[in-house]
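Below are the chains, spelled out letter by letter.
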Amino acid sequence: MGHWWSLVLIGAILLAPSVRADPAISNAGPDEGLVSWRFSNPANYTASDVVLGPVGSSLAWLSLSHRDTTRTDFSLSSSLTNIDLLRSAGRVLLANTSQPGPIQNLTFQPDAASMVDTFIYSGNSNQNFGNAAQLFVGNWTNGTWTRSIVQFPAFPLPANATIVSARLELYYSFVINDTPMDISVHRVTNNWTEFGSTWNRRDGITPWDGAGGDFDPAVVATVAGITNVPGWYGWNVTNLVAAWWTSAIPNQGLMVRQVSDTTAIMGQKGFSSSEEPNVTRRPRLQLAYTTPSSHGRLVSAPIEAGGLAEWTGLWWNATIPAGTNATIRFRTGDSVPVDTTWTPWSAPLRTFGTPLAIPPTHYFQYVLDLFTPSATSPSVQDVTATYSRYSVSGSVTTEAFEPDRLQGWMNLTINGTTPTGTVISSAYSQDNGTSWLPVSSGGDLSASLVRGIRLQIILATNDTLVTPHVESITLRYRIGSGALVNPAVPWGIAVFALLTLLVLLRLRTSFAATSLLLIHTDGRVVGNAGADGPRDEVATSAMLTLVHQFVRDSFQGPQGTGGELKSFQVDDKEVTIAKGLFLYLAVVGKGTKPRALSSRLVRFLAGLESAYGPRLEKWDGLRSSTGNLDADLAWFLRKGYRLPTLGRAVRYHA
């Protein structure tokens, strides 16, 4: 860029009123001025819960959350059932992990290979009947009698089962006579074998302690009055079977005998054995049992959003040991206490942080359900509900404004929109914000003091899903005759003349870059390098935003292209600006600018956007998220701009 064109550019920047920061000043009539605040430069305002930008001001859209994570948080729940909040601070645990689950039923009817059963006969004291299809019980006519013994194999129950009831069932299939018989069941007290046991011996070799089998004379259960009716008969053997299951008593089987068979009259009964061809009639146990199935529930207190809100997600952290489970569900409503207008509970959420696509409401509630089949409890560490809404209210305050030769203030106009449920109010201060007086749009301020003024706009909404919007504020005022001039013009002319002289007298020297600035298109300074780097980045950002607007408005082509690279000269320094997709890069230097500087600057900026694009395009404003950006800027300022070619546009990106 030639010296004369640099002077023209500088003069245009200095003289053009379009680049002035808020407020903008114009003539409203003879001896009247009009000042307009359009919120285009947030640095010129003090804002609270309000978003400012080129299109005006509105309430801030808030991304909020409610988190339960401490013992105190969870203790505020609406209800707790079998929940322990004391054992481990900040954790939701089951209080009792030994609760029985629902009763489960099992018919245990082993086959002949696993079932051990036979009968023994006093009339043939050394004969074994292990292969017989019947189990005979009772007295015979010649002073002899039979007894049957059965032993079930290991029960097919879960290891953590608790037996609730057990019933021995035998099928009465062989009818000899109808003499009523009382039949009792006893615990066998010695080992025996199916194919070795006889009246005299328990395994074909070892004698019983007493002929006729070793059993506890205490009756376990009795069925009375069996005559000649075939079918199933059952004996309650719960206590004995439960003792076998817990290994309190060894399982050596059951003896089935006629009560007082040694003195009873004839009354033989035959029951089916495990060798019975009809497998449905073989001996069986009817078992009822439970397994530990402990449940607990925490119902949170209704969570208030502070207004109508869009509920966006539900997050939780939990430790789920194998076999245990913890589920979370939610419901929403618009009233407290909870009533029938609330939604039903949702299905359990399967994914941490599941997005919620539900209509907006004022309140949200979750329920935790914990389960364990053992002594180990699942644990929930925290639950977070996220939601979004507009701020209920917010304000924006201007800087003090006092034009030259002020004669008095006139009418205030607020240009904005107020959807149903929203309101815009305003006030003014003439003591730098110490006190405020209300004023409405269209209000006449002619009675106010003839001194500087600050304006405050307050936005509020009853429906936090909509916001009022202020496009601009204008204030008319009276001034002394001929007082309203563009204050930039005389200053600009003087500076322009001075710069013209300096440029004309400038000696051609070799170019040396002194500072490098990387600015986001929204005006924020992303990074800088060099001795001339800004100390006040907010002020620098505001200034450079205006430069960007000028470059964009004045040098782009008619189709929105061109003008990507411009430079101008101030004092003895030349500023060269490269425009990227979402960043501006400005290098400040002294001396004669190399011809290749423009292309090197463009390439370096393209490299920065490629390397740091995901971080910087939607930059969060934190320097810690820019990685090695400052090192890249420092390298380019130190020697990168001098290199004939850039082997790598970005050196230190990580």
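The structure presented is a predicted model; accordingly, all values stated were derived computationally and were not measured.

*Asks:* Please explain the overall build of the protein as it appears in this structure.
*Replies:* Along the backbone of the protein there are seven helices and 37 strands. For the protein, the residues scored as buried account for 48% of the 654 residues in total. Put simply, of all contacts in the protein between residues at least 6 apart along the chain, 75% involve residues at least 24 apart. Looking at the protein as shown, the accessible area adds up to about 30,600 Å², and 54% of this sits on carbon and sulfur atoms.

*Asks:* Which parts of the structure should I look at to understand the packing of aromatic side chains?
*Replies:* Ring pairs (aromatic) are described by centroid distance and by the angle formed between their planes. Scanning the entire structure with this criterion turns up 24 aromatic pairs. Between Phe-119 and Phe-129, the ring centres sit 4.3 Å apart and the planes meet at 15°, which makes this aromatic pair stacked. In this pair, Phe-119 is assigned in strand E11 (residues 116-121) and Phe-129 in the loop between E11 and strand E12 (134-139), connecting sequence segments ten residues apart. An identical accessibility class is assigned to Phe-119 and Phe-129; each is buried. Within the aromatic cluster, the residues linked to one another by ring pairs are Trp-37, Phe-401, Trp-409 and Tyr-477.

*Asks:* Whenever I open this one, helix H6 (residues 597-616) confuses me. Can you help?
*Replies:* Residue pairs three or four apart in sequence face the same way in an α-helix, which turns once every 3.6 residues. Under the 1.5 Å per step criterion, the end-to-end length of H6 is only 24 Å for 20 residues, more than 12% shorter than the ideal 28 Å. Largest kink in H6: about 50°, centred on Ser-610, with the proline Pro-614 one to four residues after it.

*Asks:* Looking at this structure, how should I read the sheet that holds strand E30 (residues 437-438)?
*Replies:* In space, the five strands of this open sheet follow the order E3-E27-E31-E29-E30, with antiparallel pairing throughout. Looking along the sheet, the strands with just one partner apiece sit at the ends: strand E3 (45-48) and E30.

*Asks:* Whenever I open this one, the side chain of Glu-276 confuses me. Can you help?
*Replies:* On the secondary structure map, Glu-276 appears in the loop between strand E19 (269-272) and strand E20 (284-290). One buried charged residue, Glu-276, forms no salt bridge at all, with the nearest opposite charge on Arg-281 at 5.2 Å. Here Ser-272 takes part through its side chain, which lies 3.0 Å from a polar atom of the side chain of Glu-276. The contact partners of Glu-276, leaving out residues within four places of it in the chain, are Ala-133, Ser-173, Arg-281 and Arg-282.

*Asks:* Explanation requested: the pattern of salt bridges in the structure shown.
*Replies:* In a structure, side chains of opposite charge can pair up when their charged atoms sit close to one another. Overall, the coordinates contain ten salt bridges when judged by the stated rule. The partner of Asp-216 in a salt bridge is Arg-187, with the nearest N and O atoms 3.6 Å apart. With Asp-216 in the loop between strand E15 (181-187) and strand E16 (221-226) and Arg-187 in strand E15, the pair connects residues that are 29 residues apart, well separated along the chain. Among the salt bridges present, the one from Arg-329 reaches Asp-369, with a minimum N-O distance of 3.1 Å. With a gap of 40 residues between them, Arg-329 in strand E23 (residues 325-333) and Asp-369 in strand E25 (residues 361-372) connect regions that are remote in the sequence. For the pair Arg-329 and Asp-369, one class covers both residues: buried. In the salt-bridge network here, residues are joined through shared partners; they are Arg-147, Arg-257 and Asp-261.

*Asks:* I keep staring at the packing of H6 against helix H7 (residues 629-638) and nothing clicks. Help me out?
*Replies:* For any two helices packed against each other, one specifies the inter-axial angle together with the distance between the axes. Close contact between H6 and H7 brings their axes to 12 Å; oriented N to C, the two are set at 175°. In this view, H6 runs roughly antiparallel relative to H7, as classed from their interaxial angle. Two secondary-structure elements touch here, H6 through Arg-600, Leu-601, Phe-604, Leu-608, Tyr-612 and Leu-616 and H7 through Leu-629, Asp-632, Leu-633, Trp-635 and Phe-636.

*Asks:* Would you mind showing me how to read the nonpolar core here?
*Replies:* In this structure, Phe-155, Leu-168, Trp-235 and Phe-271 are the most contacted members of the largest nonpolar core, which totals 32 residues. With five residues, strand E14 (residues 162-175) is the largest single contributor of residues to this core. Not counting residues up to four positions away in its chain, the partners in contact with Leu-168 are Phe-152, Val-185, Tyr-233, Gly-234, Trp-235, Val-237, Leu-254, Val-256, Arg-284 and Leu-285. Judged by nonpolar contacts, the second largest core, of 27 residues, contains Ala-529, Leu-583, Leu-608 and Tyr-612.

*Asks:* Help me out: how do you make sense of a nonpolar patch on the surface in this one?
*Replies:* Together, Phe-174, Ile-176 and Met-266 give the surface a local cluster of nonpolar side chains, amounting to about 220 Å² of exposed area. By secondary structure assignment, the location of Met-266 is in the loop between strand E18 (254-258) and E19. Classification of Met-266 by relative accessible area gives partly exposed; the value is 31%.

*Asks:* When you look at the pairing of E15 in this model, what are you seeing that I'm missing?
*Replies:* Along any regular strand, the residues point their side chains to alternate faces of the sheet. Counting buried residues in E15 gives five out of seven residues, a clear majority hidden from the surface. Across four bridges, the pairing between E15 and E16 is antiparallel. Residue pairing in the sheet places Val-185 in a bridge with Ala-221 of E16. Note that E15 and E18 share five bridges and pair antiparallel. Bridged to Ile-183 within E18 is Gln-258.

*Asks:* Quick question: what am I supposed to make of the side chain of Thr-361 here?
*Replies:* Assignment of secondary structure puts Thr-361 in strand E25. Engagement of the side chain of Thr-361 in a polar contact is seen with the side chain of Trp-311, the distance being 2.9 Å. In this view, Thr-361 contacts Gly-307, Leu-308, Ala-309, Trp-311, Thr-332, Gly-333 and Asp-334; residues no more than four positions away in its chain are not counted.

*Asks:* Please explain the environment of Leu-168 as it appears in this structure.
*Replies:* Position of Leu-168 relative to the elements: it lies in strand E14. When the C-alpha positions of Leu-168 and Val-185 are compared, they lie 9.2 Å apart, and in sequence the two are 17 residues distant.

*Asks:* When you look at H7 in this model, what are you seeing that I'm missing?
*Replies:* Among the residues making up H7, those that are buried are Leu-629, Asp-632, Leu-633, Trp-635, Phe-636 and Leu-637. Elements in contact with the buried residues of H7: strand E33 (512-520), strand E34 (525-530), strand E37 (583-590) and H6.

*Asks:* When you look at unusual backbone geometry in this model, what are you seeing that I'm missing?
*Replies:* Here the residue pair Val-336 and Pro-337 is connected by a cis peptide bond, since its omega of 5° sits within 30 degrees of zero. Position of Pro-337 relative to the elements: it lies in the loop between E23 and strand E24 (354-355). Positive phi is not limited to glycine here, since Asp-31 has a value of about 55°. Inspection of the secondary structure assignment puts Asp-31 in the loop between strand E1 (24-29) and strand E2 (32-37). Using a relative accessible area of 37% as the deciding quantity, one classes Asp-31 as partly exposed. Of note, the phi angle at Arg-405 is positive, near 55°, even though the residue is not glycine.

*Asks:* How do you make sense of the environment of Gly-101 when you look at a structure like this?
*Replies:* Examined against the element boundaries, Gly-101 turns out to sit in the loop between strand E9 (93-94) and strand E10 (104-108). Overall, Gly-101 belongs to the buried group, its relative accessible area being 15%. Taking the C-alpha atoms as reference points, Gly-101 and Ser-294, 193 residues apart in sequence, are found 7.0 Å from one another. Not counting residues up to four positions away in its chain, the partners in contact with Gly-101 are Thr-290, Thr-291, Pro-292 and Ser-293.

Scoring rules and cut-offs
Residues numbered from 1 in each chain as written. Predicted model: local features only at pLDDT ≥ 70, side-chain atom pairs only at ≥ 80, totals over all residues. Heavy atoms only, no water. Helix = DSSP H or I, 4+ residues; strand = E, 2+ residues; numbered from the N terminus. Buried < 20%, exposed > 50% of the residue type's maximum accessible area, 1.4 Å probe, protein only. Contact = heavy atoms within 4.5 Å. Areas by Shrake-Rupley, 256 points an atom, 1.4 Å probe, with all protein chains shown as cover. Phe/Tyr/Trp six-rings, centres within 6.5 Å; stacked < 30°, edge-to-face > 60°. Expected span 1.5 Å × (residues − 1). Bend = angle between axes of the 7 residues up to and from the residue. Pairing = 2+ DSSP bridges. Lys, Arg positive; Asp, Glu negative; His and termini not counted. Salt bridge = Lys/Arg side-chain N within 4 Å of Asp/Glu carboxyl O. Polar contact = N/O pair within 3.5 Å; in protein donor to acceptor, adjacent residues only side chain to side chain. Axes fitted to C-alpha atoms, helices over the stretch in contact; angles between N-to-C directions. Parallel < 35°, antiparallel > 145°, perpendicular 65-115°, else oblique. Core = buried A, V, L, I, M, F, W, Y, C linked by side-chain atoms within 4.5 Å. Patch = residues over 30% accessible without salt bridge, like charges linked within 9 Å, V, L, I, M, F, W, Y side chains within 5 Å.

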